[in-house]
Amino acid sequence: MSYNNILSTTQDGITTITINRPSKLNALNSETIQELHEAFNAANEDYDTKVIIIIGSGEKAFVAGADISEFADFDVAEGGRLAAEGQAKLFDFVANLRTPVIAAVNGFALGGGLELAMAAHFRVASDNAKMGLPEVSLGVIPGYGGTQRLPQLVGKGRAMELIMTAGMIDANQALQYGLVNHVTSLEELVPLVEKIAGKIKRNSPVAIGAAIAAINAGFEDGVNGFETEISEFGNCFGTEDFVEGTQAFLNKRKPVFEGK
Ligand code: COA
């Protein structure tokens, strides 16, 4: 499929989705959000894709936020709709995919950019990355899940300070906060993320999907994560991957998972 604002390529079980508006620091306009929805959905349904990597094009930005020029004249109803549609199409959508999504944060990740990185299942940053939720400097608040996911990842007090000051933290501070899992040079970012993806790829895709669902359940209001874990655990016993994984172990060979 061809897109105007993103690129999507699949190689060796990894689909890399690149946000490709470098002249606007990869800001998320509505067309880009729609295209990202389609690309993530296609990758999630693609049998050959075991891991999805999301990255920005160029060397300066992952994503510098939602496209401010698009919502500057919105009213109350349009503002609410912008957040609701964006969360449904992209941010909650990505967070709840059963295919693992890694954000390779290769520069500015601000506003909707950091919210997209936080919707991914985990993050790896290059040492030039800068992260923040500067929305209150524009007279709004984070609307793509940032007020929820940032405190979950870094703790309430740190999230309060970062959001209220509209400040930015660098990659090493993000590492110290637990917002990103690893920091490396820009040149080493993609190789490192692909190396981690390679370790994920060896394991059962259906079990990984079940683990994502169980982990996410613990962060959902009114859902008992332990009950979700029991249910997802039980379901694994009905999969071909479970038979393959246990038989391979008992027969002292490497498993070949079909993801079924
Ligand atoms: N929405 C729309 N356009 C954006 C954008 C955004 N969130 N972020 C950057 N751009 C555009 C700029 O308008 C500029 O376009 P132009 O060349 O047509 O004028 C281009 O990207 C380059 O940005 P510029 O500001 O010139 O780069 P810089 O290196 O001086 O500053 C930032 C980089 C990231 C500090 C700055 O672009 C910025 O503060 N962006 C907005 C961040 C933000 O508030 N995000 C949250 C949105 S809710």
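The coordinates are above.
Now for a description of the structure that goes with this document. (Residues numbered from 1 in each chain as written. Predicted model: local features only at pLDDT ≥ 70, side-chain atom pairs only at ≥ 80, totals over all residues. Heavy atoms only, no water.)

**Regarding the layout of surface pockets**
At step 1: What the largest pocket holds in volume is close to 810 Å³.
At step 2: In this structure, the largest pocket is lined by 28 residues; those nearest its centre are Ala95, Arg149, Gln152, Asn216 and Phe219.
At step 3: For the lining of the largest pocket, the secondary structure elements donating two or more residues are helix H3 (76–95), helix H4 (112–119), strand E7 (122–126), helix H5 (146–154) and helix H9 (205–217).
At step 4: By residue class, the composition of the lining of the largest pocket is 14 nonpolar, nine polar and five charged.
At step 5: Residue-level mapping places the lining of the largest pocket at the junction of two domains, with at least three residues from each of domain 1 (6–200) and domain 2 (205–250).
At step 6: By volume, the second largest pocket amounts to about 510 Å³.
At step 7: In this structure, the second largest pocket is lined by 27 residues; those nearest its centre are Ala66, Phe71, Glu135, Val140 and Ile141.
At step 8: Going through the elements one at a time, helix H2 (68–71), H3 and H4 are the ones with two or more residues in the lining of the second largest pocket.
At step 9: The greatest single-element share of the lining of the second largest pocket, amounting to five residues, is contributed by H3.
At step 10: Residues that form the lining of the second largest pocket fall into these classes: 16 nonpolar, seven polar and four charged. (1 Å grid on protein atoms, 1.4 Å probe; cavity = no way out; pocket = protein on both sides within 12 Å on 5 of 7 lines; lining within 4 Å. Points joined across faces, edges and corners; volume = space filled by probe spheres on them. Helix = DSSP H or I, 4+ residues; strand = E, 2+ residues; numbered from the N terminus. Nonpolar A, V, L, I, M, F, W, Y, C, P; charged D, E, K, R; others polar. Domains from an automatic or database assignment.)

**A short note on the site of the ligand**
At step 1: The full set close to the ligand counts 15 residues, and Lys24, Lys60, Ala64, Ala66 and Ile68 are the nearest of them.
At step 2: For the ligand, an oxygen atom lies 3.5 Å from a polar atom in the backbone of Ser23.
At step 3: Ile68 places a polar main-chain atom, nitrogen or oxygen, 3.0 Å from a nitrogen atom of the ligand.
At step 4: In isolation the ligand offers 860 Å² of accessible surface; the protein chains occlude 59% of this area.
At step 5: For the shell around the ligand, the class distribution of residues is nine nonpolar, two polar and four charged. (Near = heavy atom within 4 Å. Polar contact = N/O pair within 3.5 Å; in protein donor to acceptor, adjacent residues only side chain to side chain. Areas by Shrake-Rupley, 256 points an atom, 1.4 Å probe, with all protein chains shown as cover.)

**Remarks on empty space enclosed by the protein**
At step 1: If you walk through the whole model with that rule in mind, you get one cavity of 30 Å³ or more.
At step 2: In this structure, the largest cavity spans a volume of roughly 40 Å³.
At step 3: Forming the boundary of the largest cavity are Lys50, Pro100, Ile200, Lys201, Asn203, Pro205 and Ile208.
At step 4: Only helix H8 (186–201) and H9 provide two or more residues apiece to the lining of the largest cavity.
At step 5: Class assignment for the residues of the lining of the largest cavity results in four nonpolar, one polar and two charged.

**Points about a nonpolar patch on the surface**
At step 1: Taken together, the side chains of Ile68, Leu138 and Val140 define a hydrophobic patch exposed on the protein surface, amounting to about 250 Å² of accessible area.
At step 2: Looking at the element boundaries, Ile68 is found in helix H2.
At step 3: By relative accessible area, which is 44% here, Ile68 ends up partly exposed. (Patch = residues over 30% accessible without salt bridge, like charges linked within 9 Å, V, L, I, M, F, W, Y side chains within 5 Å. Salt bridge = Lys/Arg side-chain N within 4 Å of Asp/Glu carboxyl O. Buried < 20%, exposed > 50% of the residue type's maximum accessible area, 1.4 Å probe, protein only.)

**A short note on the sheet that holds strand E8 (residues 130–132)**
At step 1: What the four strands build is an open sheet, ordered E4-E6-E8-E9; its pairing is mixed. Pairing within the sheet leaves two strands with one partner each, and these edge strands are strand E4 (61–63) and strand E9 (169–170).
At step 2: Both E8 and E9 contribute to a ladder of two bridges, which runs antiparallel. Within E9, the residue paired with Met131 across the bridge is Ile169.
At step 3: In the packing of H4 onto the sheet, contacts are made with E4, strand E6 (108–110) and E8, and the angle to E6 comes to roughly 95 degrees. (Pairing = 2+ DSSP bridges. Contact = heavy atoms within 4.5 Å. Axes fitted to C-alpha atoms, helices over the stretch in contact; angles between N-to-C directions.)

**Focus on the pattern of salt bridges**
At step 1: The tally for this structure, following the rule as stated, stands at four salt bridges.
At step 2: In this structure, Asp67 engages Arg21 in a salt bridge whose closest nitrogen and oxygen atoms are separated by 3.1 Å. Here the residue Asp67 occupies a position in the loop between E4 and H2, and Arg21 occupies one in the loop between strand E2 (14–19) and helix H1 (30–45), the gap between them amounting to 46 residues.
At step 3: Among the residues examined, Asp67 registers a relative accessible area of 10% and is labelled buried.
At step 4: Note that Arg253 is salt-bridged to Glu244, the shortest N-O span being 2.8 Å.
At step 5: Given the relative accessible area of 18%, Glu244 is considered buried.

Remember that the coordinates give geometry; whether it matters functionally is a separate question.
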